[in-house]
Amino acid sequence: MDLQEKLEILADSAKYDASCASSGSSRGGQGTGAAHQSGVCHSWTADGRCVSLLKILMTNECVYDCAYCVNRRTNDSPKAILTPDEIAGLTFEFYKRNYIEGLFLSSGIIVSPDRTMELMLEAVRKLRKTFHFNGYVHLKVIPGADQALIDQAGLWADRVSVNIELPSDKSLRLLAPGKTKDTVLRPMNRLAQQIAAHKDERRSIKTSPAYAPAGQSTQLIIGATPETDREIIKLSEALYGKMALKRVYYSAFVPVMKDSRLPALREPPLLREHRLYQADWLLRFYGFTADELLDEAHPQLDLAFDPKTIWALNNLDKFPLEVNKAPYEEILRVPGIGVTSAKRILRARRAGPLKLEDLKKLGVVMKRAVYFVTAGGKYGGLKKESGDAIKLKLLEHKNPNGQLNLFGGEQAAKEGAEAAATGQL
Ligand code: SF4
């Protein structure tokens, strides 16, 4: 098998890993340039730059048999393996040709977690030492690998990640019998300790080596097992708090394998994945706790509305807020006002009182915020506000003709595009 064939197999096998979010597309036709079906993804460096990465597996062979995975031992698909020299050489060649700026390297498990980790580390070490490559590297850490190997990962890579995949030990035992909660959480914990220790050391000794400067992340598969959104978001909250994770990625379960242990889904639950990303955003940037967003009686995120709107509708006694007086933390909780517009409101009101008409110019999405704010005592929402009446109005804006599709790829994409354009949740 030549290198090109190996690369096609291994780049294709890597595409289900969401912790490196975007892959290429196929546009067909002839002309200059090629949008490969997979193989290039984008990520953010520690200083916030977006970089394109060669996204590959070292091998798609695996001694484990996770029910949901195309690379599982019992799936009879074409297998390939790259040597450390091939990985380092390919990455450097692609970098020189300006195709990519870095590497995202993951792998199935060959022989044992230790052997797999040794080979991956060797590839990255060669890239750094032999090719003097100083670009971005995201390295997957293999659950169950020896601590000494885990410790090396952060010395060579900018970002490290251990995929939890399934949100509970019970689900891991059911669908990923080779893994346990302990084999996944132990390396995460160790990486968190090492990142913190190296950061401390660099404060006093500037020349000490950087250790995973872009931090660590993980990925959770959504919808393959029965955990509720509340359980998932509480797990993420704990990971951000206890392990100082930079990101938790949520990956809607893609039913690519037939297995009686898997749920019979027609399509990946993309709208649910989107809502989890929104809830996660609220934890990280808006000061919400998991318990504020979901409780025992309401353990699932609403698919029709984003979690911030649902929180506001459940807490109407806290609204409307007077934008000329309310503190930043409360303004941030208004649907339609994001971090940027909340800061703009605070700056603008120092110059003089704000009117409702001013808010749109500050980036506020008034079709949502109007029910939750006053400006100079003026209110532009409904005369007698009730949660249900506001919901109806918001639904009219959101979806004037259609019904909600519960899998919701289009809905998620539409909301994602709107949030990207306005920056407001
Ligand atoms: S260990 Fe990873 S590569 Fe192997 S079957 Fe499980 S999910 Fe797939």
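Residues numbered from 1 in each chain as written. Predicted model: local features only at pLDDT ≥ 70, side-chain atom pairs only at ≥ 80, totals over all residues. Heavy atoms only, no water.

## Here's the deal with the packing of aromatic side chains
Aromatic ring pairs are described here by two measures, namely the spacing of the ring centres and the angle between the planes. Put simply, the rule reads: Note on aromatic pairs: the rings of Phe, Tyr and Trp (six-membered ring only in Trp) are paired at centre separations within 6.5 Å, and the planes decide the class, stacked below 30 degrees, edge-to-face beyond 60, tilted for the rest. Only DSSP runs of H or I reaching four residues or more are called helices, and only runs of E reaching two or more are called strands; each is numbered from the N terminus. Relative accessible area decides the class of each residue, using a 1.4 Å probe on protein chains only: under 20% of the type maximum gives buried, over 50% gives exposed, and in between gives partly exposed. Any Lys NZ or Arg CZ that is within 6 Å of a ring centre and within 35 degrees of that ring's normal is treated as a charge sitting over the ring.
Counting across every chain of the model gives ten aromatic pairs. With a centroid separation of 5.2 Å and an interplanar angle of 85°, the aromatic rings of Tyr 95 and Phe 133 are classed as edge-to-face. Placement of Tyr 95 in helix H2 (residues 84-96) and of Phe 133 in the loop between helix H3 (113-129) and strand S4 (136-140) is noted, with a sequence separation of 38 residues between them. Relative accessible area serves as the criterion here: at 3%, Phe 133 is assigned to the buried category. With a centroid separation of 5.3 Å and an interplanar angle of 75°, the aromatic rings of Phe 319 and Phe 372 are classed as edge-to-face. Remark: Phe 372 occurs in the loop between helix H14 (366-369) and strand S9 (373-375) and Phe 319 occurs in the loop between helix H10 (307-314) and strand S8 (321-322); sequence separation between them is 53 residues. Residue Phe 319 is classed as buried on the basis of its relative accessible area, which comes to 12%. An aromatic cluster is defined as three or more aromatic residues linked by ring pairs; in this entry it consists of Phe 288, Trp 311, Phe 319, Tyr 371 and Phe 372. Seen from the ring of Tyr 249, Arg 247 lies directly overhead, with NZ or CZ sitting 4.6 Å from the centre. The ring of Trp 311 is capped by Arg 333, whose NZ or CZ atom sits 4.9 Å from the centre of that ring.

## Here's the deal with the pairing of strand S7 (residues 247-252)
The test is simple: Two strands pair under a simple rule: DSSP has to find at least two bridges between them. A clockwise course of the path from the first strand over the helix to the second, judged with the strands pointing away from the viewer, identifies a crossover as right-handed.
Buried residues dominate S7, accounting for five of its six residues. Looking at chain direction, strand S6 (residues 216-222) and S7 are connected through six bridges and run parallel. For Ser 217, the partnering residue across the bridge sits in S7 and is Arg 247. In terms of handedness, the path from S6 via helix H7 (residues 229-242) over to S7 forms a crossover that is right-handed.

## A closer look at the site of the ligand
Stated precisely, the cut-off is as follows: Distances are taken per atom, and a residue is near a molecule or strand as soon as one of its heavy atoms is within 4 Å of it. Nonpolar residues are Ala, Val, Leu, Ile, Met, Phe, Trp, Tyr, Cys and Pro. Charged residues are Asp, Glu, Lys and Arg, and all others, Gly as well, are polar.
Close contacts around the ligand come from Cys 62, Tyr 64, Cys 66, Tyr 68, Cys 69, Arg 72, Gly 108, Ile 109 and Lys 179, and that covers them all. Within the shell around the ligand, the residues separate by chemical class into six nonpolar, one polar and two charged.

## Side note on the nonpolar core
The line we're drawing: The nonpolar core is taken to be a set of buried Ala, Val, Leu, Ile, Met, Phe, Trp, Tyr and Cys residues, with the residues joined through side-chain atoms within 4.5 Å. Here the bounds of each domain stem from an automatic or database domain assignment.
Of all hydrophobic cores here, the largest spans 115 residues; its most connected members are Ile 56, Tyr 68, Leu 105, Leu 139, Ile 337, Ile 345 and Leu 359. Top element by residues in this core is H3. It accounts for seven residues. Counting the residues that make up this core, at least three belong to each of domain 1 (3-222) and domain 2 (307-417).

## Structural notes on H3
Here is the rule we go by: How far a helix is expected to stretch is found by multiplying one less than its residue total by 1.5 Å. The criterion used for residue contact is that any of the two residues' heavy atoms lie within 4.5 Å.
Over its 17 residues, H3 runs 24 Å from end to end, which matches the ideal 24 Å to within 8%, given 1.5 Å per residue. Buried within H3 are the following residues: Pro 113, Thr 116, Met 117, Leu 119, Met 120, Leu 121, Ala 123, Val 124, Lys 126, Leu 127 and Arg 128. Residues of H3 that are buried in the fold lie against H2, strand S3 (102-106), S4 and helix H4 (147-156).

## Topic: the environment of Pro 113
Position of Pro 113 relative to the elements: it lies in helix H3. You can call Pro 113 buried: its relative accessible area is 15%. Residues Pro 113 and Ile 142, 29 residues apart in the sequence, show an inter-C-alpha distance of 5.9 Å. With residues up to four places along the chain from it excluded, the contact list for Pro 113 reads Tyr 64, Ile 142, Pro 143, Gly 144 and Ala 145.

## Some remarks on the environment of Arg 368
With respect to the helices and strands, the residue Arg 368 is situated in helix H14. It is 8.7 Å that separates the C-alpha atoms of Arg 368 and Ile 337, two residues lying 31 residues apart in sequence.

## A word on the sheet that holds S8
Ordered by their spatial adjacency, three strands build an open sheet running S8-S9-S10, and the pairing between neighbours is mixed. Edge positions in the sheet fall to S8 and strand S10 (378-379), since each of these pairs with one other strand and no more. Bridge analysis of S8 against S9 gives two bridges, and the strand direction is parallel. Its bridge partner being in S9, Glu 322 is matched across the sheet by Thr 374.

## Comments concerning a positive patch on the surface
Selection criterion: Any residue with relative accessible area above 30% and no salt bridge may belong to a patch, with like charges joined within 9 Å and the nonpolar Val, Leu, Ile, Met, Phe, Trp and Tyr side chains within 5 Å. Areas reported here follow the Shrake-Rupley algorithm with a probe of radius 1.4 Å; residue values treat only the protein chains shown as occluding. Salt bridges are counted wherever a side-chain nitrogen of Lys or Arg sits within 4 Å of a carboxyl oxygen of Asp or Glu. Think of it this way: Lys and Arg go in the positive column, Asp and Glu in the negative one, and His and the chain ends go nowhere. Note that the charge is assigned to NZ on lysines, CZ on arginines, CG on aspartates and CD on glutamates.
Taken together, the side chains of Lys 343, Arg 344, Arg 347 and Arg 350 make up a positively charged region of the molecular surface. The class of Arg 350 is exposed, set by a relative accessible area of 69%.

## Examining unusual backbone geometry
The step from Phe 319 to Pro 320 runs through a cis peptide bond, and the omega angle for that step is 0°. Of note, the phi angle at Asn 98 is positive, near 70°, even though the residue is not glycine. Although it is not a glycine, Val 111 adopts a positive phi angle of roughly 65°. Turning to its location among the elements, Val 111 is positioned in the loop between S3 and H3.

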